[in-house]
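Take a look at the letters that make up each chain.
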Amino acid sequence: MQPAQEVIGIAQKASLFREMDLVGVEEAVKMSQMRNRSGGEFFFLEDDPADTAYMLIEGKVKLTQSTLDGQQIILGYLSLIHISEPTRLKTRSRMPSSA
């Protein structure tokens, strides 16, 4: 797990927090929950409620989507400082993919 100051520094580079002052970023990091995932584990699944933002601070994540016949399509890979679906949080829609 990364030290809080390092996470704050990483968060400041993310577009969601770029316009926020240091105190605001520090508060956002304090309120966040750190989650570690091993290979093959998911942060969220396709069609889950889009009510949480995820910021990847280490490693990479495979973004996938399922076809109607159940095949998995790889949409891409996300890496450092990616925040998933921040605009969807405003509309409370569903996650369009799994990660």
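Just above sits the structure.
Predicted, not measured: the structure shown is a model, and the values here were computed from it.

A. Spotlight on the pattern of salt bridges. For the structure shown, the criterion picks out one salt bridge. Between lysine 30 and glutamate 27 there is a salt bridge, and its shortest N-O distance comes to 3.2 Å. Note that lysine 30 and glutamate 27 are positioned in helix α2 (residues 22-31) at a spacing of three residues, about one turn of the helix. With a relative accessible area of 62%, lysine 30 lands in the exposed category.

B. Region of the structure containing the environment of leucine 22. Position of leucine 22 relative to the elements: it lies in helix α2. Taking C-alpha positions, leucine 22 is 10.0 Å from alanine 11, a pair spaced 11 residues apart along the chain. If near-sequence neighbours (up to four positions away) are discounted, leucine 22 is found in contact with Ile8 and Gln12.

C. How the structure looks around the side chain of serine 97. Here serine 97 lies in the segment after α3 (88-91). Residue serine 97 is classed as buried on the basis of its relative accessible area, which comes to 3%. Excluding residues that lie within four positions of it along the chain, serine 97 makes contacts with Phe44, Leu45, Glu46, Leu63, Thr64 and Leu75.

D. Examining the packing of helix α1 (residues 4-13) against α2 more closely. Taken N-terminus to C-terminus, the directions of α1 and α2 make an angle of 115°; their axes are 10 Å apart at the nearest point. α2 is crossed by α1, and the crossing has right-handed handedness. In this structure, α1 uses Val7, Ile8, Ala11 and Gln12 to contact α2, whose residues at the interface are Leu22, Val25, Glu26 and Val29. Within the contact of α1 with α2, the residues separate by chemical class into six nonpolar, one polar and one charged.

Conventions used here
Residues numbered from 1 in each chain as written. Predicted model: local features only at pLDDT ≥ 70, side-chain atom pairs only at ≥ 80, totals over all residues. Heavy atoms only, no water. Salt bridge = Lys/Arg side-chain N within 4 Å of Asp/Glu carboxyl O. Helix = DSSP H or I, 4+ residues; strand = E, 2+ residues; numbered from the N terminus. Buried < 20%, exposed > 50% of the residue type's maximum accessible area, 1.4 Å probe, protein only. Contact = heavy atoms within 4.5 Å. Axes fitted to C-alpha atoms, helices over the stretch in contact; angles between N-to-C directions. Left-handed = near helix turned anticlockwise from the far one by under 90°. Nonpolar A, V, L, I, M, F, W, Y, C, P; charged D, E, K, R; others polar.

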